[in-house]
Amino acid sequence: MKFPFQAIVASENETETIAKSFAAGLVGGEVVVLSGELGAGKTFFVKKALTSFGITWVNSPSFAIVNEYKNSFKFYHIDFYRLKSIKELFDIGFNDYLNDTEAIVFIEWGNLFPEVLPHKRIEINFKMKSENGREILITKHA
Ligand SMILES: Nc1ncnc2c1ncn2[C@@H]1O[C@H](COP(=O)(O)OP(=O)(O)OP(=O)(O)O)[C@@H](O)[C@H]1O
Ligand SMILES: [Mg+2]
């Protein structure tokens, strides 16, 4: 996958194809920030991306704030949605996740606390176009 990447998808299957193609390019150490309204498909995307690594039991981290998975890579799947303060984030070890250079970190609703996001990151933005239609924009930031 080349960045920036942009697509309009009409179905879950098309999002899944993009998620798998995105996952194929991961090498470890990435921070991936997913933004878009409620139900836009952030968790869906992470779920399908991690399926590429044999992790099929992903669910939304919104209540736990962070879920951790491990096989060929370590994955941290974080959701800022229910976070009340940045302190809460550092209490659960956010800095350790970011400093883990071999891990891949996914952050849903990262836009809620932009000040804690590293500059070097991949942004995935979802826009709902219709019930099953989405616009997906992926950009890489140095
Ligand atoms: N083209 C599509 N791509 C992704 N998801 C789709 C698509 N069409 C329909 N959906 C559905 O939209 C929903 C997306 O839910 P998901 O939990 O991934 O959203 P979210 O962005 O993580 O929301 P939240 O902000 O609550 O965390 C799922 O039920 C999924 O099946
Ligand atoms: Mg979600």
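Here, the structure is the one placed above.
Residues numbered from 1 in each chain as written. Chains lettered and ligands numbered in written order. Predicted model: local features only at pLDDT ≥ 70, side-chain atom pairs only at ≥ 80, totals over all residues. Heavy atoms only, no water.

Engineer: Looking at this model, I keep getting lost on the environment of Phe53. Mind explaining?
Structural biologist: For Phe53, the position within the fold is in the loop between helix H2 (42-51) and strand E3 (66-70). For Phe53, a relative accessible area of 15% translates into the label buried. Each C-alpha atom of the pair Phe53 and Lys87 lies 32 Å from the other, and the pair is 34 residues apart in sequence. Contact partners of Phe53, with chain neighbours within four places excluded, come to Ala23, Leu26, Asn71, Ser72, Phe73 and Phe75. (Helix = DSSP H or I, 4+ residues; strand = E, 2+ residues; numbered from the N terminus. Buried < 20%, exposed > 50% of the residue type's maximum accessible area, 1.4 Å probe, protein only. Contact = heavy atoms within 4.5 Å.)

Engineer: Please explain the site of ligand 1 as it appears in this structure.
Structural biologist: Around ligand 1 lies a shell of 17 residues, among which Glu12, Thr15, Lys42, Phe44 and Trp109 are the nearest. Glu12 has a polar side-chain atom sitting 2.3 Å from an oxygen atom of ligand 1. Contacts to ligand 1 include Glu108, whose side-chain N or O atom sits 3.2 Å from an oxygen atom. In isolation ligand 1 has 650 Å² of accessible area, and contact with the protein removes 77% of it. Of all the secondary-structure elements, those providing two or more residues to the shell around ligand 1 are helix H1 (12-24) and H2. In terms of residue count, the dominant contributor to the shell around ligand 1 is H2 (three residues). Partitioned by chemical class, the residues of the shell around ligand 1 number five nonpolar, six polar and six charged. (Near = heavy atom within 4 Å. Polar contact = N/O pair within 3.5 Å; in protein donor to acceptor, adjacent residues only side chain to side chain. Areas by Shrake-Rupley, 256 points an atom, 1.4 Å probe, with all protein chains shown as cover. Nonpolar A, V, L, I, M, F, W, Y, C, P; charged D, E, K, R; others polar.)

Engineer: Can you walk me through the nonpolar core in this structure?
Structural biologist: Within soluble globular proteins, side chains that are nonpolar tend to cluster in buried spots. Counting residues in each nonpolar core, the largest one holds 28 residues, and the members touching the most others are Phe22, Phe45, Leu50, Phe75, Phe106, Ile124 and Ile138. Within the residue set of this core, elements represented by two or more residues are strand E1 (5-9), H1, strand E2 (31-35), H2, strand E5 (104-108), strand E6 (121-128) and strand E7 (134-141). Setting aside residues up to four positions removed in sequence, Phe75 forms contacts with Leu50, Phe53, Ile55, Asn67, Glu68, Tyr69, Ile104 and Phe106. With 18 residues, the next largest nonpolar core counts Leu89, Tyr97, Ala103 and Val116 among its residues. (Core = buried A, V, L, I, M, F, W, Y, C linked by side-chain atoms within 4.5 Å.)

Engineer: So what exactly am I meant to see when it comes to the sheet that holds E5 here?
Structural biologist: In a beta sheet, neighbouring strands pair by backbone hydrogen bonds and run either parallel or antiparallel. Taken in spatial order, the seven strands of this open sheet run E1-E7-E6-E2-E5-E4-E3, and their pairing is mixed. Looking along the sheet, the strands with just one partner apiece sit at the ends: E1 and E3. Neighbouring strand axes in the sheet, compared pairwise and without regard to direction, differ in orientation by 15 degrees on average. As paired elements, E3 and strand E4 (residues 74-79) share five bridges and run antiparallel to each other. By the bridge assignment, Asn67 is partnered in E4 with His77. Across the face of the sheet, H1 comes into contact with E1, E2, E5, E6 and E7 while running at roughly 160 degrees to E1. Against the sheet, H2 engages E2, E3, E4, E5, E6 and E7, with an angle of about 160 degrees to E5. (Pairing = 2+ DSSP bridges. Axes fitted to C-alpha atoms, helices over the stretch in contact; angles between N-to-C directions.)

Engineer: Hey, could you run me through H2 in this one?
Structural biologist: The α-helix advances 3.6 residues per turn, and as a result positions three or four apart in sequence lie on the same side. Among the residues making up H2, those that are buried are Lys42, Thr43, Phe45, Val46, Ala49 and Leu50. For H2, the arc enclosing every buried residue in end-on projection is 160 degrees, short of the 170-degree limit, so these residues lie on one face. (Arc of directions from axis to C-beta.)

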